[in-house]
Amino acid sequence: NEVQLLEKFAKKCFEDNKTTLSQEDITSIARELRSSLEGIQFHLKSPILRTENQHEKKITSCYFGHSNFKDFFTASWLASEIRTGGLQFITFIERYKKKTASYHSLILPFTTGLLAQARGTQEERQGWLMTFFKNLSSTLTPTDSLKNLSIMIRCLEELKAAKIEINTFDNIGFYKKNEIVK
């Protein structure tokens, strides 16, 4: 699955704070997905990825054509973890709460939007969003209140764009009731 491969690549780049994945990284991810390097060669030719050092028709490294692709697919991995009941997302949120600006300005809002528009019933989407917001709000600290406000606003904007009723999230500690004007 190409999306799953792109998610794993993005997560690896984000966690290791690198822009280019080496052949060792690619091989490790292929093994994790129970594939071979040859098995994923086709997917490495995606227009989203750029490849380097093609030696004897073998790709030895790759990178995302634009950093927003990396951020989007990291958010896609995070949303997939939440939707499937995986627990790695909790560690991820806790570990990267003080990470780069892209984590706060893109990855968290992207994740909100992906969960709000995911396939599933309205109740399932609300459950996924509640899980995400509860875990996210537990990592926000009062000392970073301006940054937290910015994160909250961006995430709430994603909910509004998906036409999700915002006041259904009153009890998660993400904001206080009636402070957000519809």
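Only a predicted model underlies this, so the values are computations on that prediction, with no experimental measurement involved. (Residues numbered from 1 in each chain as written. Predicted model: local features only at pLDDT ≥ 70, side-chain atom pairs only at ≥ 80, totals over all residues. Heavy atoms only, no water.)

1. Regarding the overall build of the protein
Of the regular secondary structure elements, the protein holds eight helices and three strands. Counting helices and strands in the order they occur from the N terminus, the protein gives α-β-α-α-β-β-α-α-α-α-α. Here the protein holds 182 residues, and the buried ones make up 43% of them. Entry remark: accessible area of the protein is about 10200 Å², with carbon and sulfur atoms responsible for 50%. (Helix = DSSP H or I, 4+ residues; strand = E, 2+ residues; numbered from the N terminus. Buried < 20%, exposed > 50% of the residue type's maximum accessible area, 1.4 Å probe, protein only. Areas by Shrake-Rupley, 256 points an atom, 1.4 Å probe, with all protein chains shown as cover.)

2. Focus on the nonpolar core
By size, the foremost hydrophobic cluster in this structure holds 27 residues, and its most contacted members are L78, Y103 and F132. For this core, the elements supplying multiple residues, two or more each, are α4 (67-83), α5 (88-95), α6 (101-116), α7 (122-137) and α8 (145-161). Apart from residues lying up to four places away in sequence, L78 is in contact with F89, F92, I93, I107, T111 and F132. Counting residues in hydrophobic clusters, the runner-up holds 18 residues, among them F9, I26, I48 and L49. (Core = buried A, V, L, I, M, F, W, Y, C linked by side-chain atoms within 4.5 Å. Contact = heavy atoms within 4.5 Å.)

3. Points about the side chain of K70
Here K70 lies in helix α4. It turns out K70 is buried and unbridged, and the closest side chain with the opposite charge, D71, is 4.7 Å from it. Once residues within four sequence positions are removed from consideration, K70 is found in contact with A10, C13, F14 and F64. (Lys, Arg positive; Asp, Glu negative; His and termini not counted. Salt bridge = Lys/Arg side-chain N within 4 Å of Asp/Glu carboxyl O.)

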